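# Remarks on the overall topology
Spelled out from the first residue to the last, the chains are:
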Amino acid sequence: QHKDAYQVILDGVKGGAKEKRLAAQFIPKFFKHFPELADSAINAQLDLCEDEDVSIRRQAIKELPQFATGDNLPRVADILTQLLQSDDSAEFNLVNNALLSIFKMDAKGTLGGLFSQILQGEDIVRERAIKFLSTKLKTLPEEVMTKEVEEFILTESKKVLEDVTGEEFVLFMKILSGLKSLQTVSGRQQLVELVAEQADLEQTFNPSDTDCVDRLLQCTRQAVPLFSKNVHSTKFVTYFCEHVLPHLSSLTTLVEGLDIQLEVLKLLAEMSSFCGDMEKLESNLKKLFDKLLEYMPLPPEEAENGENASNEEPKLQFSYVECLLYSFHQLGRKLPDFLTAKLNAEKLKDFKIRLQYFARGLQVYIRQLRLALQGKTGEALKTEENKIKVVALKITNNINVLIKDLFHIPPSYKSTVTLSWKPVQKADASQKRASEDTTSSSPPKKASAGPKRDARQIYNPPSGKYSSNLGSFSYEQRGGFRGGRGRGWGGRGNRSRGRIY
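Residues numbered from 1 in each chain as written. Predicted model: local features only at pLDDT ≥ 70, side-chain atom pairs only at ≥ 80, totals over all residues. Heavy atoms only, no water.

Where an unreviewed UniProt entry is consulted, the protein chain appears under the name API5 inhibitor, with the organism given as Cettia cetti. According to its UniProt record, the protein chain has this under Sequence similarities (unreviewed entry): "Belongs to the API5 family." Regarding the protein chain, the relevant UniProt record gives this comment under Subcellular location (unreviewed entry): "Nucleus". (UniProt positions renumbered as here; feature names shortened; annotations may be inferred.)

Here it is, written out as structure tokens:
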């Protein structure tokens, strides 16, 4: 009955502005009564979604959820996902709202549309669909985000992760780590395995390949917040000790101002606390120990008159030593007789001399820093120079505690310190650790030239005790991971351009 009348409404999309406005309202309103004209109706509404008149486009988009019934829903989700490429902010918001409303009707069907565009759509659509998922999924209620829906997201995400850029990878880790079903120990373990696969820990490490270095760092940064006493970092720590540490000095990066060596050592230090049983523990401890020795100089030789023969004091690189000493201290707990039974007496004696010399320089520096910061509170501690000193004091105090432990006979591994760039308060486990831009630190004897850090926020310590909670910047790699989806490293094969409704 009325089929002809409905056809007239559909033909209205070819008319003038008034006819189009009426069609935009009436096509969806009577859509459910004419299933045999469903295809024609959806296509007519799509024509209106691409109309030159912005008010007609908005009206047509706003009504799209009314077409999301039964088998039509994934198609509507696919269309709405493509419409995310709109640069009109009101239109873009309408698309977002429409997607959210059909999500509540059928989450899996909606996700099917989103993921089909992420996998096959244009770059701009893919980018915006990923951002939609990363910002909107967490706002949806539990009755929408069921276990089945979350499993579907994980399965589809794995397909996408076969070929992503660094930025996309970070967003997908944000999406997945926010899923309720992955908050468990086994869920976290699954995520760590996903990251390890992305990092390609089976490959030979090439320190001069910036893509290879950046991918490893980017992946490790995503893995660090997932590690705990139940989810071990062993695979990553082993890879760092065996493949990265030996090439530390030849690492390269395209990121301006990033001290890549320090960045690697900081990640290793953070992971070392959660390392489980390691197969080649002694061999990896030896690599760590050898690298530590490189930054622990021997005292300069004295001339006959008792003065320094070379006239030059060795530089003490406190930031590097904090990381290496902490990692050695953490792994050393698993093989407490390493220094006494695994090293020959000569090596141990040499190490003790280096520790002693470093500790002497440390004491001088700590005294200078304490003196410089004495009586300073509040605003005075917020100056750039004092922020650096507060952090330098934290670093030197940490090294001091660890050196004292190693001076015990036999060496002890009982002390605990909080790494200088970590908050003193116990951080919430779900908080993401943003990586920090740091520059190399080789401070001379003057306190003002302490290790330079990016210290944007400062924790105001109780008087007499200095600690720091450094603000940090998130360094996101802009290169391709798998299959070179990255900008500048080729596209992902020939994909159709234009809309594929």
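On a plain count of helices and strands, the protein chain comes out with 19 helices and zero strands. Taken across its 501 residues, the protein chain has 52% of its residues classed as buried. Across the protein chain, the fraction of contacts at a sequence separation of at least 24, relative to all contacts at a separation of at least 6, is 73%. As displayed, the protein chain offers around 23,800 Å² of accessible surface, 49% of which is attributable to carbon and sulfur atoms. (Helix = DSSP H or I, 4+ residues; strand = E, 2+ residues; numbered from the N terminus. Buried < 20%, exposed > 50% of the residue type's maximum accessible area, 1.4 Å probe, protein only. Contact = heavy atoms within 4.5 Å. Areas by Shrake-Rupley, 256 points an atom, 1.4 Å probe, with all protein chains shown as cover.)

This part takes up the packing of aromatic side chains. A full pass over the atoms with the stated rule returns 13 aromatic pairs. Between the aromatic rings of F289 and F328, the centroid separation amounts to 5.8 Å while the plane-to-plane angle is 45 degrees, which identifies the pairing as tilted. Of this pair, F289 sits in helix α15 (residues 281–294) while F328 sits in helix α16 (residues 318–332), placing them 39 residues apart in sequence. Accessibility expressed as a relative area gives 0% for F289, which makes it buried. Taken together, a centroid distance of 4.9 Å and an interplanar angle of 5 degrees make the contact between F318 and Y365 stacked. Note that F318 is positioned in helix α16 and Y365 in helix α18 (residues 345–373), a separation of 47 residues in sequence. In this pair, the class of F318 matches that of Y365, namely buried. In this structure, K266 packs its charged tip against the face of W421, placed 4.9 Å from the ring centre. (Phe/Tyr/Trp six-rings, centres within 6.5 Å; stacked < 30°, edge-to-face > 60°. Lys NZ or Arg CZ within 6 Å of the ring centre and 35° of its normal.)

In this chain, I409 is followed by P410 through a cis amide linkage whose omega measures -10 degrees. Turning to its location among the elements, P410 is positioned in the segment after α19 (384–407). Look at D200: it is not a glycine, yet its phi comes out positive at around 55 degrees. You can see D200 is positioned in the loop between α11 (185–199) and α12 (210–223). A relative accessible area of 29% means that D200 is categorised as partly exposed.

A few words now on the confidence of the model for the protein chain. Overall, the predicted model of the protein chain reaches an average pLDDT of 82, with 82% of residues at or above 70. Counted against residues more than four places away or in other chains, residues 426–501, with its pLDDT under 50, gives 222 contacts. (pLDDT = per-residue confidence, 0-100.)

Within this structure, the stated rule accounts for zero disulfides. Here C241 is not disulfide-linked; the sulfur of C275 is the nearest cysteine sulfur, at 7.6 Å. Exposure remark for C241: the relative accessible area of 0% places this residue in the buried category. (Disulfide = S-S within 2.5 Å.)

Our focus in this paragraph is the packing of α12 against helix α13 (residues 234–244). Here α12 crosses α13 at 155 degrees, and the two axes come no closer than 12 Å. It follows from the interaxial angle that α12 and α13 lie roughly antiparallel. In this structure, α12 crosses over α13, and the sense of that crossing is left-handed. In contact with L216, T220 and A223 of α12, α13 contributes F236, Y239, F240 and V244. Looking at the contact of α12 with α13 residue by residue, the classes come out as six nonpolar, one polar and no charged. (Axes fitted to C-alpha atoms, helices over the stretch in contact; angles between N-to-C directions. Parallel < 35°, antiparallel > 145°, perpendicular 65-115°, else oblique. Left-handed = near helix turned anticlockwise from the far one by under 90°. Nonpolar A, V, L, I, M, F, W, Y, C, P; charged D, E, K, R; others polar.)

Let's shift gears to the packing of helix α10 (residues 166–177) against α12. Where α10 meets α12, the axes come as close as 11 Å, and the angle between the chain directions of the two elements is 10 degrees. As judged from the angle between their axes, α10 and α12 are roughly parallel. Side by side, α10 and α12 meet where G166, F169, V170 and M173 of the first sit next to Q218, C219 and Q222 of the second.

I27, L80, F236 and L339 are the most contacted members of the largest nonpolar core, which totals 149 residues. It is α18 that provides the largest number of residues to this core, a total of 11 residues. Every residue in contact with L80, bar those within four places of it in the chain, is listed here: I61, L64, V95, A98, L99 and I102. (Core = buried A, V, L, I, M, F, W, Y, C linked by side-chain atoms within 4.5 Å.)

Bringing the side chain of S412 into the picture now. For S412, the location among the structural elements is in the segment after α19. Within the structure, S412 has its side chain in polar contact with the backbone nitrogen of K414 (distance 3.3 Å). Among residues more than four places away in sequence, those in contact with S412 are H329, D405 and L406. (Polar contact = N/O pair within 3.5 Å; in protein donor to acceptor, adjacent residues only side chain to side chain.)

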